[in-house]
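Residues per chain, in single letters:
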Amino acid sequence: IAHMAASATPWETKWADAGRDLEWMQNFEEVVFRVAVADSVGRGDIKLKVQKQDLRLEIAGKEICQGQLAKEVDPDEASWMFDAVDGKRCLVVTLQKVNRTAMKKSRVWDTLWYEDLEFEEDEPTEPPIVKDE
């Protein structure tokens, strides 16, 4: 992202397909994804709901994505903005990773969505059940 401040963490990946017409990239602190939008879309047309491991995005009344993220993010630090890529308008969403380890290797996401993760045979394949008390 060319307009980021020089002090920002360098991007560790290039834009990759995340399905659902989304592209995403990451560094050790953030996950960023983008989706093309029409020129007529305004701020009031964007509905973004971010929870610790869930995300829902609606643009101009159309659900763009809803699902469980591969890892945890900080909902209070989520942000979005309009940008232009190769002359096409897009919405860019930035999610702050919750890093529970100092090991940088563990901070890398294999995919944006939990459902796209590939598990070893001895790993759980069901998402953890979180009960609200």
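Residues numbered from 1 in each chain as written. Predicted model: local features only at pLDDT ≥ 70, side-chain atom pairs only at ≥ 80, totals over all residues. Heavy atoms only, no water.

Trainee: Honestly, the side chain of Thr111 in this entry has me stumped. Any pointers?
Mentor: Relative to the helices and strands, Thr111 is located in the segment after strand 8 (88-96). Judged by its relative accessible area of 12%, Thr111 is buried. Here Thr111 is in contact with Trp24, Ala70, Asp116 and Leu117, once residues within four sequence places are set aside. (Helix = DSSP H or I, 4+ residues; strand = E, 2+ residues; numbered from the N terminus. Buried < 20%, exposed > 50% of the residue type's maximum accessible area, 1.4 Å probe, protein only. Contact = heavy atoms within 4.5 Å.)

Trainee: Please explain the pattern of salt bridges as it appears in this structure.
Mentor: Between side chains of opposite charge, a pair can form when the charged atoms approach closely. Inspection of every chain in the model, using the stated rule, returns 3 salt bridges. Residue Arg34 is joined to Glu23 by a salt bridge in which the shortest nitrogen-to-oxygen separation is 2.8 Å. Pair noted here: Arg34 is in strand 3 (residues 30-36) and Glu23 is in strand 2 (residues 23-26), with a separation of 11 residues, a long-range link. Of the residues examined, Arg34 reaches a relative accessible area of 13% and is grouped as buried. Connected through shared salt-bridge partners, Arg56, Glu58 and Glu63 make up one network. (Salt bridge = Lys/Arg side-chain N within 4 Å of Asp/Glu carboxyl O.)

Trainee: Mind showing me how you'd approach the nonpolar core here?
Mentor: Within soluble globular proteins, side chains that are nonpolar tend to cluster in buried spots. One finds Leu22, Phe33, Leu57, Ile59, Leu95 and Leu112 to be the most contacted residues of the largest nonpolar core, which totals 24 residues. Of all the elements in the fold, those that place two or more residues in this core are strand 3, strand 4 (46-50), strand 5 (54-59), strand 6 (62-68) and strand 8. Excluding anything up to four places from it in sequence, Phe33 contacts Trp15, Leu22, Glu23, Trp24, Leu55, Leu57, Leu91, Val92, Val93, Leu95 and Leu112. (Core = buried A, V, L, I, M, F, W, Y, C linked by side-chain atoms within 4.5 Å.)

Trainee: Is there a simple way to explain the confidence of the model for the protein in this structure?
Mentor: Low pLDDT marks regions whose predicted coordinates should not be analysed in detail. Per-residue confidence for the protein averages 84 on the pLDDT scale, and 78% of its residues sit at or above 70. A low-confidence stretch, residues 1-8 (pLDDT under 50), is modelled with 7 contacts involving residues beyond four sequence positions or located in other chains. (pLDDT = per-residue confidence, 0-100.)

Trainee: Whenever I open this one, the side chain of Thr94 confuses me. Can you help?
Mentor: Within the element layout of this structure, Thr94 appears in strand 8. Other than its neighbours up to four places away in sequence, Thr94 contacts Glu30, Val31, Val32, Glu77, Ala78 and Ser79.

Trainee: What is the right way to look at the sheet that holds strand 4 in this model?
Mentor: Reading across the sheet, the 3 strands line up as 4-5-6 and stay open at both edges, with antiparallel pairing between neighbours. A strand with exactly one partner marks an edge of an open sheet, and here the two such strands are strand 4 and strand 6. Each strand of the sheet is rotated relative to its neighbour by a mean of 5°, with strand direction disregarded. Pairing geometry for strand 4 and strand 5, over 5 bridges, is antiparallel. Note that in strand 5 the partner of Ile46 across the bridge is Ile59. (Pairing = 2+ DSSP bridges. Axes fitted to C-alpha atoms, helices over the stretch in contact; angles between N-to-C directions.)

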